Amino acid sequence: MSMIKDEVYDRFKSALEAVAGKCYRTSKADLAKTVVKALKDDYGYTDACLAETPLLKEAGVGKAMEEAGIKTYTDHIRLNQETAKGGVTESQYAIADLGSIVQTGTDVDRRIVACLSELMVCVVKGSNVISEWSDFFDTIGALPEHPNFIGIVTGPSRTSDIEMVSVVGVHGPLNLTAIVVEDE
């Protein structure tokens, strides 16, 4: 697998921070520690839902969260996400020039975590950070089977009314942190 180039990561981080998101770059060995930092150190959260994936399980994210005193829900996410402040999931892609993360597929727990958390911590592999918006369509178009669902998230949720009063967190998370994991 290819590793993310520094300039692509820097563009992704700058674009995400421009829309009030946070971004970290880490190794797989330090992924669990970085997730805990994002939840506990950055925001002080003591509970979170974790939509586990093979990468997150292998990196020991759930265990590290529990050891750090974060109540972690991996089952019954739709019942617990209403009260848990944080949510951790893995996204399939990120788009550097937009600072966007991309979810594909129909996993309900991942979608719930992405929409209902006050803080969404999203993990994406470095090799899946796509440089340009137009390249994203080439990537999706080249898949053997097109996903049933594609969600593109650019920063914390924002909306404004007719008087242009901006409100954050109405249709999604108040805060978004992306963690780019270096491929091995």
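Use the structure listed above.
Every value quoted in this text rests on a predicted model; they were computed, and no experiment measured them.

**Student:** What should I look at first to understand the pattern of salt bridges in this one?
**Tutor:** A pair can form between side chains of opposite charge whenever their charged atoms are brought close. Scanning all chains against the criterion turns up 11 salt bridges. The closest approach of N and O atoms between Asp6 and Arg25, which form a salt bridge, is 2.9 Å. Remark: Arg25 occurs in strand β1 (residues 22-26) and Asp6 occurs in helix α1 (residues 6-18); sequence separation between them is 19 residues. Look at Arg25 and you get partly exposed, because its relative accessible area is 30%. Salt-bridge contacts for Arg11 lead to Glu132; the nearest nitrogen and oxygen are separated by 3.5 Å.

**Student:** Even after reading the chapter, I still don't get the packing of aromatic side chains, so can you show me in this structure?
**Tutor:** Any pair of aromatic rings gets described here by the distance separating the centres and the angle formed by the planes. Tallied over the entire structure, the rule returns five aromatic pairs. Ring centres of Tyr43 and Tyr45 lie 5.9 Å apart, and the angle between their planes is 35°; this geometry places the pair in the tilted category. Among the residues examined, Tyr43 registers a relative accessible area of 24% and is labelled partly exposed. Seen in terms of ring centroids, Trp133 and Phe137 are 4.8 Å apart; in terms of plane orientation they differ by 85°. Their pairing is edge-to-face. Taken together, the residues Trp133 and Phe137, both in helix α7 (residues 133-141) and four residues apart, mark about one turn of the helix. Among the residues examined, Trp133 registers a relative accessible area of 33% and is labelled partly exposed.

**Student:** Explain the environment of Lys125 to me, please; I cannot follow it from the model alone.
**Tutor:** Looking at the secondary structure, you find Lys125 in strand β7 (residues 119-125). Taking C-alpha positions, Lys125 is 9.9 Å from Thr26, a pair spaced 99 residues apart along the chain. Excluding anything up to four places from it in sequence, Lys125 contacts Leu55, Glu90, Val181 and Asp183.

**Student:** I tried to follow the side chain of Glu90 on my own but got confused; where do I start?
**Tutor:** Note on placement: Glu90 falls in strand β4 (residues 86-90). No salt bridge is formed by the buried Glu90, whose closest oppositely charged neighbour, Lys125, lies at an N-O distance of 4.6 Å. One polar contact links Glu90 to Thr53, side chain to side chain, over a distance of 2.5 Å.

**Student:** Would you mind going over the nonpolar core with me for this structure?
**Tutor:** Soluble globular proteins tend to bury their nonpolar side chains together. Counting 24 residues, the largest nonpolar core has Leu31, Val35, Leu39, Val61 and Met65 as the members making the most contacts within it. Going through the elements one at a time, α2 (31-41), β2 (47-50), α3 (54-58), α4 (61-67), β7 and β12 (175-181) are the ones with two or more residues in this core. The greatest single-element share of this core, amounting to six residues, is contributed by α2. The contacts of Leu31, once residues within four sequence positions are left out, are Thr26, Leu55, Leu56, Ala59, Val61, Val123, Ile179 and Val181. Within the second largest apolar cluster, 17 residues are counted, among which are Ile4, Ala96, Val124 and Ala178.

Calculation criteria
- Residues numbered from 1 in each chain as written.
- Predicted model: local features only at pLDDT ≥ 70, side-chain atom pairs only at ≥ 80, totals over all residues.
- Heavy atoms only, no water.
- Salt bridge = Lys/Arg side-chain N within 4 Å of Asp/Glu carboxyl O.
- Helix = DSSP H or I, 4+ residues; strand = E, 2+ residues; numbered from the N terminus.
- Buried < 20%, exposed > 50% of the residue type's maximum accessible area, 1.4 Å probe, protein only.
- Phe/Tyr/Trp six-rings, centres within 6.5 Å; stacked < 30°, edge-to-face > 60°.
- Contact = heavy atoms within 4.5 Å.
- Lys, Arg positive; Asp, Glu negative; His and termini not counted.
- Polar contact = N/O pair within 3.5 Å; in protein donor to acceptor, adjacent residues only side chain to side chain.
- Core = buried A, V, L, I, M, F, W, Y, C linked by side-chain atoms within 4.5 Å.

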